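Secondary and tertiary structure notes
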Amino acid sequence: QQPVQSPQAVILREGEDAVINCSSSKALYSVHWYRQKHGEAPVFLMILLKGGEQKGHEKISASFNEKKQQSSLYLTASQLSYSGTYFCGTEWTGGGADGLTFGKGTHLIIQP
Amino acid sequence: DTGVSQDPRHKITKRGQNVTFRCDPISEHNRLYWYRQTLGQGPEFLTYFQNEAQLEKSRLLSDRFSAERPKGSFSTLEIQRTEQGDSAMYLCASSLEYRTVGGELFFGEGSRLTVL
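We now turn to the structure provided with this report.

Calculation criteria
Residues numbered from 1 in each chain as written. Chains lettered and ligands numbered in written order. Predicted model: local features only at pLDDT ≥ 70, side-chain atom pairs only at ≥ 80, totals over all residues. Heavy atoms only, no water. Helix = DSSP H or I, 4+ residues; strand = E, 2+ residues; numbered from the N terminus. Rg over C-alpha atoms; globule rule 2.2 N^0.38 Å. Areas by Shrake-Rupley, 256 points an atom, 1.4 Å probe, with all protein chains shown as cover. Lys, Arg positive; Asp, Glu negative; His and termini not counted. Charge placed at Lys NZ, Arg CZ, Asp CG, Glu CD. Phe/Tyr/Trp six-rings, centres within 6.5 Å; stacked < 30°, edge-to-face > 60°. Lys NZ or Arg CZ within 6 Å of the ring centre and 35° of its normal. Disulfide = S-S within 2.5 Å.

1. What to know about the overall build of chain B
Scanning chain B from terminus to terminus reveals zero helices and 11 strands. When the helices and strands of chain B are listed from N to C terminus, the series reads β-β-β-β-β-β-β-β-β-β-β. What you see for chain B is a C-alpha radius of gyration of 13 Å, in line with the 13 Å of a compact globule of 116 residues. About 6,000 Å² of surface is accessible on chain B, with carbon and sulfur atoms providing 45% of the total. A gap of 7 Å separates the mean positions of the 15 positive and 15 negative side-chain charges of chain B.

Written out as structure tokens, the structure reads:
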């Protein structure tokens, strides 16, 4: 079952912060975050395994609340290069399909 | 460059024709995935291989679709008797590990299929 991402789109000015959420109705084993720019392949940002870890990648960090089956991606002091579509991909605790199931994406537009 | 490469990048075909896409994964990666992405959607899982074994196929994958990974190296995805609904970007990805750090997917640039 596809994870649900919110919001669908965000428009920010450079330097502002954003939060993108990803939630699942199934018990999650891991959450992956990817960014895709128009016409390009998705690029891996980070992976969070169950255990409630918070990971960081420059000014982009993420948390994973396994009790709520939710993950959030935090972008602080956004830069123009952060523009793109952000996808979360989930793996379920019970297994099943061994590919990641991706959400529909969150479009992030950073304006100067 | 040792990233994931896909060929061809673009394919335009007429309905009913067969098409084949090739993916060369990162050499040390033993897991290879095929995804399909349509405009405004996230990638949809189609199938994956661990070495040469095809371990999972999505229900989305009709009998017209077949994938192979001979010798656990490159992979091909063939679509027979193409339909207009097959028009999409076909993404290949590879990974080294499973369900752990290192299990991230490295995507290729994709093969865009247009069925007229």
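After that view of the structure, there is still more to cover.
2. Quick notes on the packing of aromatic side chains
A full pass over the atoms with the stated rule returns 12 aromatic pairs over all chains. Ring centres of Phe21(B) and Tyr90(B) lie 5.5 Å apart, and the angle between their planes is 20°; this geometry places the pair in the stacked category. Here Tyr90(B) lies in strand 9 (residues 88-95) and Phe21(B) lies in strand 3 (residues 19-24), a separation of 69 residues in the sequence. One aromatic cluster is present, formed by Tyr34(A), Phe44(A), Phe87(A), Phe102(A), Tyr33(B), Tyr35(B), Phe45(B), Tyr48(B) and Phe107(B) through successive ring pairs. Of note, Arg22(B) hangs over the ring of Phe74(B), and the distance from its end group to the ring centre comes to 3.9 Å.

3. Regarding the state of the cysteines
All names here are of chain B. With the rule as written, the count across this model stands at two disulfides over all chains. A sulfur-sulfur separation of 1.9 Å characterises the disulfide bridge that pairs Cys-23 with Cys-92. Disulfide Cys-23-Cys-92: torsion about the S-S bond near -65°, hence left-handed. Taken together, the residues span a long stretch of sequence, with Cys-23 in strand 3 and Cys-92 in strand 9 at a distance of 69 residues.

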